[in-house]
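What follows is each chain in one-letter form.
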Amino acid sequence: MSAGEKAWVDGALAASDYVMERRLHLPRAPYPTIVLFNDHCRFESPAGPRVRWAGTPHDGKIRLGDQTIDAGIVSFTGNDDKSGQTFFVMALPSVWEAAKAAKPGDNGLQAVFLHEFSHTRQAPVLKRYFDAAAKVYPVPDDLSDDSVQARFKSDRAYVAAFEKESNLLYRAAAEPDSSKARDFARQALALMEARQKRWFTGADAMWTAYDDIFLTMEGFGQWNAYAWLADPKGGAMSPAAALKKMRGSTWWSQDEGLALFLVIDRFVPGWAAQAFASPPKLGIDLLREAVGRPAAKPAS
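Each value, and the rule that gives it
- Residues numbered from 1 in each chain as written.
- Predicted model: local features only at pLDDT ≥ 70, side-chain atom pairs only at ≥ 80, totals over all residues.
- Heavy atoms only, no water.
- Helix = DSSP H or I, 4+ residues; strand = E, 2+ residues; numbered from the N terminus.
- Rg over C-alpha atoms; globule rule 2.2 N^0.38 Å.
- Buried < 20%, exposed > 50% of the residue type's maximum accessible area, 1.4 Å probe, protein only.
- Contact = heavy atoms within 4.5 Å.
- Areas by Shrake-Rupley, 256 points an atom, 1.4 Å probe, with all protein chains shown as cover.
- Lys, Arg positive; Asp, Glu negative; His and termini not counted.
- Charge placed at Lys NZ, Arg CZ, Asp CG, Glu CD.
- Core = buried A, V, L, I, M, F, W, Y, C linked by side-chain atoms within 4.5 Å.
- Phe/Tyr/Trp six-rings, centres within 6.5 Å; stacked < 30°, edge-to-face > 60°.
- Axes fitted to C-alpha atoms, helices over the stretch in contact; angles between N-to-C directions.
- Parallel < 35°, antiparallel > 145°, perpendicular 65-115°, else oblique.
- Nonpolar A, V, L, I, M, F, W, Y, C, P; charged D, E, K, R; others polar.
- Polar contact = N/O pair within 3.5 Å; in protein donor to acceptor, adjacent residues only side chain to side chain.
- Salt bridge = Lys/Arg side-chain N within 4 Å of Asp/Glu carboxyl O.
- Left-handed = near helix turned anticlockwise from the far one by under 90°.
- Pairing = 2+ DSSP bridges.

**Student:** Is there a simple way to explain the overall build of the chain in this structure?
**Tutor:** In terms of regular secondary structure, the chain is built from 11 helices and seven strands. A globule of 300 residues ought to have a C-alpha radius of gyration of about 19 Å, and the chain, at 19 Å, matches this closely. Across the 300 residues in the chain, those meeting the buried criterion constitute 48%. Partitioning the intrachain contacts of the chain with sequence separation of at least 6 by distance along the chain shows that 60% fall at a separation of at least 24. Within the structure as shown, the chain displays about 14,600 Å² of accessible surface, and the carbon and sulfur contribution to it stands at 53%. Each charge class in the chain can be summarised by its mean position, and for the 36 positive and 36 negative side chains these summaries are 5 Å apart.

**Student:** Sorry if this is basic, but what is going on with the nonpolar core here?
**Tutor:** A general trend in soluble globular proteins is that nonpolar side chains are found buried together. Core analysis: the biggest nonpolar cluster contains 48 residues, and L24, L169, W223, W271 and L287 have the highest contact counts within it. If we skip the residues at most four places from it in the chain, L287 touches L169, A185, L189, M192, L260, V263 and I264. Listed in part, the 26 residues of the second largest apolar core include F43, V74, F87 and W96.

**Student:** How should I be thinking about the packing of aromatic side chains in this particular structure?
**Tutor:** Each aromatic ring pair is summarised here by two numbers: the centre-to-centre distance and the angle between the ring planes. Tallied over the full model, the rule gives 22 aromatic pairs. Here F152 and Y158 contribute two aromatic rings whose centre-to-centre distance is 4.5 Å and whose plane-to-plane angle is 15°, an arrangement assigned as stacked. Summarising the aromatic geometry, the rings of F220 and F261 are spaced 6.3 Å apart at their centres and angled 65° between planes, so their arrangement reads as edge-to-face. A residue pair is termed long-range when its members are at least 10 positions apart, and F220 in helix α7 (residues 207–229) and F261 in helix α9 (residues 252–267) qualify at 41 residues. Across the pair, exposure class does not vary: F220 and F261 are buried alike. One aromatic cluster is present, formed by F152, Y158, F162, W199, F200 and W252 through successive ring pairs.

**Student:** Help me understand the packing of helix α1 (residues 3–23) against α7, please; the structure alone is not making it clear to me.
**Tutor:** Relative orientation and spacing of two packed helices are given, respectively, by the angle between their axes and the distance between those axes. Where α1 contacts α7, the two axes come as close as 10 Å, and the packing angle between them is 100°. By the angle between their directions, the pair α1 and α7 is classed as roughly perpendicular. Taking contact as the criterion, the partners of A15, V19, M20 and R23 in α1 are, on α7, F220, W223, N224, A227 and W228. A breakdown of the residues in the contact of α1 with α7 according to their chemical character gives seven nonpolar, one polar and one charged.

**Student:** I'm lost on the environment of R42 in this one. Help?
**Tutor:** Turning to its location among the elements, R42 is positioned in strand β2 (residues 41–45). Looking at R42, the relative accessible area reads 7%, which means it is buried. Sequence spacing of R42 and T56 is 14 residues, and the spatial spacing of their C-alpha atoms is 5.3 Å. Of note is the side chain of R42, whose polar atom sits 2.7 Å from the side chain of E44. From its side chain, R42 meets the backbone oxygen of R63 in a polar contact 3.0 Å long.

**Student:** It is not clear to me how the pattern of salt bridges should be interpreted in this structure. Could you clarify?
**Tutor:** Pairing of side chains with opposite charge becomes possible as their charged atoms draw close. Summed over the entire model, instances satisfying the criterion amount to 16 salt bridges. For the salt bridge of K127 with D131, the shortest nitrogen-to-oxygen distance reads 2.7 Å. In this pair, K127 and D131 both sit in helix α3 (residues 108–136), four residues apart, roughly one turn of the helix. For D285, the salt bridge goes to R288, with nearest N and O atoms at 2.6 Å. A residue pair is termed a helical-turn pair when its members lie 3 or 4 positions apart in one helix, as D285 and R288 do in helix α11 (residues 283–290) at three residues.

**Student:** Explain the packing of α7 against α9 here, please?
**Tutor:** At a minimum axis distance of 7 Å, the contact between α7 and α9 shows a crossing angle of 70°. When the axes of α7 and α9 are compared, the pair comes out roughly perpendicular. Helix-helix and strand crossings are classified by hand; for α7 and α9 the assignment is right-handed. Judged by residue contacts, F214, L215, T216, E218, G219, F220, Q222, W223 and Y226 of α7 engage W252, S253, Q254, E256, G257, L258, L260, F261, L262 and D265 from α9.

**Student:** Looking at this structure, how should I read unusual backbone geometry?
**Tutor:** Residues apart from glycine generally show negative phi values, whereas peptide bonds are mostly found in trans. Look at the link from S278 to P279: it is a cis peptide, with omega at 5°. With phi around 60°, K100 is a residue other than glycine that occupies positive phi space. Despite not being glycine, A236 shows a phi value in the positive range, around 55°. Tracing the backbone shows A236 in the loop between α7 and α8 (239–246).

**Student:** Looking at this structure, I do not really get the pairing of strand β5 (residues 67–70). What am I missing?
**Tutor:** When a strand is regular, its side chains alternate between the sheet's two faces. Across four bridges, strand β4 (residues 61–64) lies against β5 in antiparallel orientation. The residue bridging L64 from the neighbouring strand is Q67, located in β5. Joining the antiparallel neighbours β4 and β5 is a turn of two residues, in which G65 adopts a positive phi near 65°.

All we've got here are geometric facts, nothing functional implied.
Following this line, the structure appears as structure tokens:
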């Protein structure tokens, strides 16, 4: 890596550690296997308590176990099919800049890193929920955090209901009066439960589980990035500017998920300990706690 690339990576990892340990008060955890690349080299650090980079040239393809991906704009967390271990992959800033997907010095790339890297901490914890859903419903080959959106985006009534609950969550996060804010959150929860009850039936019953899981995953990732951007020791943006930057997503799970965790962070002290407990609480259960409702029974 160049000195500038190494400095960026060190800064991104330090930002993740800061949010996890100083903001959320979670215990330090080993890093997963990390694979980064620029236009000519692939860099890998094996899982462990610190990073140890080994670089090799690439020919436009990036090896990930027995598979390869194109050396383009990517940032994601995955699981190795053989070992079951979590890994993280991201193109270095020079690749994003060459593709005109980012400008030099844009802190949005660190936000991307923080969002996706947060899933390396979260994925092992949420595995029980994925496993529980898979025992009941067949898992679609193309399952992703955007699957619910793909299924219902053409249903105008569904979209209207979803947007209404999302807007109420953002109102709950922004409302200065705590009593009014909780009322907005209570209304949003009622709409969320009504939406799932109305649309997630019959062949679509499986989506209740995945809606809860992916709102939790994407909301946590978005909140991590927002928290760092708005922190005086991080991106040093105003909360309003950080929120505007993070709300640019057109993906439902990210947009509503961020609102969900803004409300949780406001009203549930120490929520991260519950989100990473055994069993962990999902976002919808933390929202129930925020408004004084009992949580559902966790997956066994």
